[in-house]
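# Working through the structure, step by step
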Amino acid sequence: MNPHHDSHRMHVFRKYLFSIDHKVIGIQYGLTSLFFLLFGFSLMMLMRWQLAFPGTAIPFIGKFFGESRAPGGIMLPEFYNELGAMHGTIMVFLGVVPLGVGCFGNLLVPLQIGAPDMAFPKLNMASYWVFFLGGLTMLFSFILPGGAASSGWTSYPPLADIATIGQTVWLIGMVFLITSSLLGSINFITTVLQLRTEGLTFMRLPFFVWSQLVTAFLLLLAFPPLEAAGILQLMDRLAHTSFFLPSGLMISGEPLKGSGGGSVLLWQHLFWFLAHPEVYVILLPAMGIVAEIIANNIRKPLWGYTSMVYSVLFIGFMSFIVWAHHMFLTGMGTAMSSFFQATTMIISIPSVVILSCLFISLWGGSIRLNTAMLFALAFLPMFGMGGLTGLPLGLSVSDIHLHDTYYVIGHFHYVVAPGVIFALFAGIYHWFPKFTGRQMNEFLGKLHFWPSLLLMNAIFFPMLIQGLAGVSRRLYDGGLQYAHAQGVLSLNKVSSYSAWALAVAQLPFIFNFVFSIFKGKKVTSDNPWEATTLEWQTPTPPGHGNFETTPTVYRGPYEYSVPGASRDFTPQNEP
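Quick summary incoming for the structure in this document. (Residues numbered from 1 in each chain as written. Predicted model: local features only at pLDDT ≥ 70, side-chain atom pairs only at ≥ 80, totals over all residues. Heavy atoms only, no water.)

Another point: unusual backbone geometry. A cis geometry characterises the amide bond from Pro157 onward to Pro158, with omega recorded as 5°. Along the chain, Pro158 turns up in the loop between helix H5 (121-140) and helix H6 (165-194). Phi at His240 is positive, roughly 60°, even though this residue is not glycine. With respect to the helices and strands, the residue His240 is situated in the loop between helix H7 (207-238) and strand E1 (250-251). Accessibility expressed as a relative area gives 65% for His240, which makes it exposed. Non-glycine residue Ser252 carries a positive phi angle of around 55°. We classify Ser252 as exposed; its relative accessible area is 76%. (Helix = DSSP H or I, 4+ residues; strand = E, 2+ residues; numbered from the N terminus. Buried < 20%, exposed > 50% of the residue type's maximum accessible area, 1.4 Å probe, protein only.)

What follows is the structure in structure tokens.
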């Protein structure tokens with residue numbers, strides 16, 4: 001017996017806490033990121049109270065925020081900015097990305113390629129714990145004097161260079177999170193390129209593996225500029241350099257000592273060079289999850305698999321040359337604006353190709369409408385809505401009116417909330433049986449899905465209307481002081497009531513998830529969904545090393561309903 005494997009089984013501390021097993025690390029990522037999603041969502045609910053009832057004391061819990069944040073329970077603008085900055089940071093960097101990449105990527109990529117583990121198991125463990133330290137750092141900033149970061153999730157200078165100590169801690173936390181992503185991306189790339197089992201050629205890879213591979217390249221190439229920028233901004237704050245502080249900067253009528261020669265636009269370029277690929281870091285794993293679930297539940301192959309693969313590769317390449325469409329108002333000139341406008345329109349094409357392939361795949365399918373499939377199907381129109389509303393923001397002329405308005409908030413959240421987060425929910429419901437040996441309750445799942453679908457739209461569609469009316473984002477009173485916002489102020493209450501109702505709609509999921517781990521219906525098969533990809537050909541749950549015998553792949557990933565076959569699914573490892 002291998003002494004390492006024996007030790008892995010014997011030592012509980014090593015097995016469950018500092019494990020090098022990709023499945024345990026994936027579960028650690030999943031549980032941690034779900035906690036952060038809940039925490040970030042809670043911050044948003046506080047913001048929604050302020051927007052719906054500005055100047056009104058927060059009920060029940062307002063007194064606990066202290067006089068420096070909410071005197072008499074009434075939220076101060078500084079506290080609102082703190083909530084806004086940390087909500088965005090936590091939801092993106094501590095919630096959605098770790099769940100899509102760290103959790104689902106770790107759980108599924110080695111299984112789907114027939115590998116016993118990730119290429120670098122100890123590096124994989126390190127990536128989780130560095131991520132965990134980054135999360136703790138972010139949470140710690142809330143208890144500091146002056147509170148957490150309050151300069152937006154984009155940390156724009158010069159404001160971020162002169163903000164409270166919470167901004168310093170935010171930057172340190174981001175360095176941890178970026179380092180974690182870099183460690184993970186190296187691991188994913190090496191694993192997919194080097195550890196594919198015999199017969200698993202690139203065009204036999206499940207689409208989910210393609211999405212994770214491209215995502216890993218985006219993380220590897222786009223995150224270092226932001227890590228460098230974060231360190232430079234730390235130097236501005238701690239070592240009194242001026243990388244992002246221009247000459248002649250005045251603070252409250254007084255010249256800022258030590259500033260000079262820096263460029264605020266340099267930060268924007270470095271930040272958005274990461275932050276637009278980051279959109280696809282969020283999106284591509286979700287597309288991969290949805291593709292797997294749709295293929296399984298329509299009982300037929302994905303239409304246009306090859307087109308989808310080339311589209312995801314093209315998205316990866318193009319995502320690096322669209323970043324400055326976030327900067328049309330910086331005076332870059334019409335030539336550069338036209339270039340980034342053109343690349344932005346071009347990058348929408350492969351997304352439409354993938355979406356179209358998934359829609360066309362539904363035609364003629366024997367569709368099973370389980371909870372996972374409902375969430376996957378809802379992803380399609382919701383992501384479509386997010387993409388369509390993004391087109392006016394990619395045109396320099398219309399962006400002049402829409403830039404930094406609630407329209408941007410509505411657009412981005414349509415992509416991420418009823419889009420990506422629905423895909424992540426779909427993935428949880430779909431793969432839950434494989435890693436727990438139990439199924440989640442279908443009634444509670446649908447009780448979770450339908451209110452969530454309706455309420456997500458009730459939250460974010462009004463924001464599009466407010467943005468078209470010209471209401472700026474980041475207004476702590478929701479536009480109460482502006483004449484042009486008066487006609488749409490009532491929509492703040494619509495969004496807020498819907499957000500609080502959405503919180504209630506998540507209770508069936510939380511109960512279902514926890515209850516099913518211990519008391520859910522046990523699966524009677526290793527392959528309860530009758531799927532074709534390799535992760536369903538392992539024991540349930542997969543043991544250390546994943547496969548009892550190393551599989552050999554003989555066919556593509558989606559051979560459903562093959563004419564003449566004895567069953568309507570043919571696993572990849574079946575000769």
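Looking now at a nonpolar patch on the surface. Among the surface-exposed residues, Leu38, Val504, Leu507, Ile510, Val514, Ile517 and Phe518 lie close enough to one another that they form a single nonpolar patch of about 640 Å² accessible area. With five residues, the top contributor of residues to the nonpolar patch is helix H16 (residues 507-519). Summarising the element assignment, Leu38 is placed in helix H3 (residues 22-52). (Patch = residues over 30% accessible without salt bridge, like charges linked within 9 Å, V, L, I, M, F, W, Y side chains within 5 Å. Areas by Shrake-Rupley, 256 points an atom, 1.4 Å probe, with all protein chains shown as cover. Salt bridge = Lys/Arg side-chain N within 4 Å of Asp/Glu carboxyl O.)

A separate point is the layout of surface pockets. Its volume calculated, the second largest pocket comes out at about 800 Å³. Lining the second largest pocket are 29 residues, and of these Lys23, Val24, Ile27, Leu107 and Phe435 lie nearest its centre. When residues of the lining of the second largest pocket are traced back to their parent elements, those giving at least two are helix H1 (3-10), helix H2 (12-16), H3, helix H4 (77-112), helix H13 (406-436) and H16. Split by residue class, the lining of the second largest pocket holds 17 nonpolar, eight polar and four charged. (1 Å grid on protein atoms, 1.4 Å probe; cavity = no way out; pocket = protein on both sides within 12 Å on 5 of 7 lines; lining within 4 Å. Points joined across faces, edges and corners; volume = space filled by probe spheres on them. Nonpolar A, V, L, I, M, F, W, Y, C, P; charged D, E, K, R; others polar.)

To continue, consider the pattern of salt bridges. A side chain with one charge can pair with a side chain of the opposite charge if their charged atoms come near. Scanning the entire structure with this criterion turns up eight salt bridges. Note that Arg299 and Asp568 form a salt bridge whose closest N and O atoms lie 3.0 Å from each other. Linking Arg299 in the loop between helix H8 (264-298) and helix H9 (305-318) with Asp568 in the segment after strand E4 (521-522), this pair joins segments that are 269 residues apart in sequence. Across the salt bridge formed by Asp404 and Arg473, the nearest N and O atoms sit 3.5 Å from each other. Of the two residues, Asp404 sits in the loop between helix H12 (396-402) and H13 while Arg473 sits in the loop between helix H14 (442-468) and helix H15 (490-505), which places them 69 residues apart along the sequence. Of the residues examined, Asp404 reaches a relative accessible area of 33% and is grouped as partly exposed.

Next up on the list: the side chain of Thr344. Its location among the elements puts Thr344 in helix H10 (residues 334-362). Owing to a relative accessible area of 9%, Thr344 belongs among the buried residues under this scheme. Those residues in contact with Thr344 that sit more than four places away from it in its chain are Val322, His325 and Gly394. (Contact = heavy atoms within 4.5 Å.)

In this section: the packing of aromatic side chains. Applying the stated rule across the entire model yields 44 aromatic pairs. Between the aromatic rings of Phe271 and Trp272, the centroid separation amounts to 5.0 Å while the plane-to-plane angle is 90°, which identifies the pairing as edge-to-face. For the pair shown, Phe271 and Trp272 are each scored as buried. Taking 6.2 Å as the distance between ring centres and 65° as the angle between the ring planes, the aromatic pair formed by Tyr305 and Tyr558 counts as edge-to-face. With a gap of 253 residues between them, Tyr305 in helix H9 and Tyr558 in the segment after E4 connect regions that are remote in the sequence. Like Tyr558, Tyr305 is buried. (Phe/Tyr/Trp six-rings, centres within 6.5 Å; stacked < 30°, edge-to-face > 60°.)

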